[in-house]
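Read off the chains here:
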Amino acid sequence: MKRFNTQGLCVPEKHYMVDTSEKIAKILKLIEEEYYFTINRPRQYGKTTTLYALEGKLQEAGYLVANISFEDLDETIYQSHQEFIKEFLYMLLSQFEATKRAKMITEIIESQIDSVETMTSLSRLLTKLTKAVNQKIVLMIDEVDKSTNNQLFLDFLGMLRTKYLKRTAGKDSTFHSVILAGVHDVKTLKLKLRPEEQQRYNSPWNIAVD
């Protein structure tokens, strides 16, 4: 018997759900056109459920999808680029290990995960990954809010932004589309570099479509 769900992921087979097919179709159109964008809504507005619905639709259409979340990352992960990058790559591994079509990606990550320590080397690895498979890869990151007051996370966004711009100019290969989901709009991040500094706005994600 179906029931109403007010916490976490909604599953169509178990829960009553509103019809989001029109919304999903609009988001799929953005992905087809290679946009990078954000999904920001208050808690319990269906962001995570939307991402899982998108994942299914994209897989049916032949995309490779990395649907990951930063919700469980603790503060120690943000103490160094090496720790953050390694955790991010392990997340990608966990997504692709069960996908036979992504075997080449998992082999590349496993062979280089211990040697990638900077955003520059991560960028080179992502170029190699996206060139290795004849499929479009979509990266979806849920719960990005936890990271938004952190310079390391901004460096990560900056790396993705640079790759997006270079791809547009025909000079790089990267994710076909990137979606960041959270409560707040990541395009207007507040950054505080040190405790004594006043918060200021920083927007390394101004490539995102409205």
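Attention in this report is confined to the structure presented alongside it. (Residues numbered from 1 in each chain as written. Predicted model: local features only at pLDDT ≥ 70, side-chain atom pairs only at ≥ 80, totals over all residues. Heavy atoms only, no water.)

## Examining the side chain of K163
Note the following rule: A run of DSSP states H or I qualifies as a helix once it reaches four residues; a run of E qualifies as a strand once it reaches two. Both are numbered from the N-terminal end. We define a polar contact as two N or O atoms separated by no more than 3.5 Å, with the added condition that, inside protein, one atom must be a possible hydrogen donor and the other a possible acceptor, whereas residues neighbouring each other in sequence contribute only through side-chain atom pairs.
Of note, K163 is situated in helix α6 (residues 151-168). A polar contact is formed between the side chain of K163 and the side chain of T127, at a distance of 2.5 Å.

## What about the environment of S69?
Note the following rule: In what follows, a contact means two residues having at least one pair of non-hydrogen atoms within 4.5 Å.
On the secondary structure map, S69 appears in strand β2 (residues 64-69). Each C-alpha atom, one on S69 and one on L180, is 9.6 Å from the other, the two residues being 111 residues apart in sequence. S69 has contacts with M91, D142 and E143, leaving out every residue within four places of it along the chain. At a separation of 3.1 Å, a polar atom in the side chain of S69 contacts the main-chain amide nitrogen of E71.

## A few points about the packing of helix α3 (residues 81-96) against α6
Heads up, the condition is: To get an axis, fit a line to the C-alpha atoms, keeping to the stretch in contact for a helix; angles then go from 0 to 180 degrees between the N-to-C directions. Roughly parallel means an angle under 35 degrees; roughly antiparallel means over 145; roughly perpendicular covers 65 to 115; every other angle is labelled oblique. Throughout, a crossing is termed right-handed when the near helix is turned clockwise from the far one, and left-handed when it is turned anticlockwise from it by less than a right angle.
Taken N-terminus to C-terminus, the directions of α3 and α6 make an angle of 55 degrees; their axes are 10 Å apart at the nearest point. Taken together, the axes of α3 and α6 are oblique relative to one another. α3 and α6 meet at a crossing whose hand is right-handed. Contact residues: H81, F84 and F88 in α3; L152, D155 and F156 in α6.

## Remarks on the nonpolar core
Under the convention used in this document: Put simply, buried Ala, Val, Leu, Ile, Met, Phe, Trp, Tyr and Cys residues joined by side-chain atoms within 4.5 Å make one nonpolar core. Three exposure classes are used, based on accessible area relative to the maximum for each residue type with a 1.4 Å probe and protein chains only: buried under 20%, partly exposed in between, and exposed over 50%.
By size, the foremost hydrophobic cluster in this structure holds 44 residues, and its most contacted members are F70, L89, L122, L139 and F156. Excluding anything up to four places from it in sequence, L122 contacts I85, F88, L89, V116, F156 and M159. Listed in part, the 15 residues of the second largest apolar core include L28, I39, L54 and L58.

## Observations concerning the sheet that holds strand β3 (residues 137-142)
Spelled out, the test is: Paired strands, in this sense, are two strands between which DSSP finds at least two bridges.
Pairing is parallel across the open sheet formed by four strands, whose spatial order is β1-β4-β3-β2. Because the sheet does not close on itself, it has two edges, and the strands there are β1 (36-40) and β2. The mean inter-strand angle of the sheet, taken between neighbouring strand axes irrespective of direction, is 15 degrees. In the sheet, β3 pairs with strand β4 (residues 177-182) via four bridges, with the strands oriented parallel. Pairing of V138 across the sheet is with S177, part of β4.

## Topic: the pattern of salt bridges
Heads up, the condition is: The term salt bridge refers to a pairing of a side-chain nitrogen on Lys or Arg with a carboxyl oxygen on Asp or Glu at a separation within 4 Å.
Counted by the stated rule, this structure contains five salt bridges. Of the charged contacts, one joins E22 and K26 as a salt bridge, the two residues approaching to 3.8 Å between their closest N and O atoms. Of this pair, E22 and K26 are both found in helix α1 (residues 21-32), four residues apart, which corresponds to roughly one turn of the helix. Accessibility assignment for this pair places E22 and K26 in one class, exposed. The partner of R167 in a salt bridge is E34, and the shortest N-O contact between them spans 3.6 Å. With R167 in helix α6 and E34 in the loop between α1 and β1, this residue pair connects regions lying 133 residues apart in the sequence. On the basis of relative accessible area, E34 is assigned to the partly exposed category, the value being 35%.

## Observations regarding the side chain of H176
Structurally, H176 can be placed in the loop between α6 and β4. Within the structure, H176 has its side chain in polar contact with the backbone oxygen of I31 (distance 2.8 Å).

## A look at the packing of α3 against helix α5 (residues 119-132)
Applicable threshold: Note on residue classes: Ala, Val, Leu, Ile, Met, Phe, Trp, Tyr, Cys and Pro are nonpolar, Asp, Glu, Lys and Arg are charged, and everything else, Gly too, is polar.
At a closest axis distance of 10 Å, the pairing of α3 and α5 adopts a crossing angle of 20 degrees. Between α3 and α5, the angle is such that the two are roughly parallel. α3 and α5 meet at a crossing whose hand is right-handed. Mapping the contact onto sequence places H81, F84, I85, F88, L89 and L92 in α3 and M119, L122, L125 and L126 in α5. Split into classes, the residues belonging to the contact of α3 with α5 amount to nine nonpolar, one polar and no charged.

Functional significance is not addressed by these values, which are geometric in nature.
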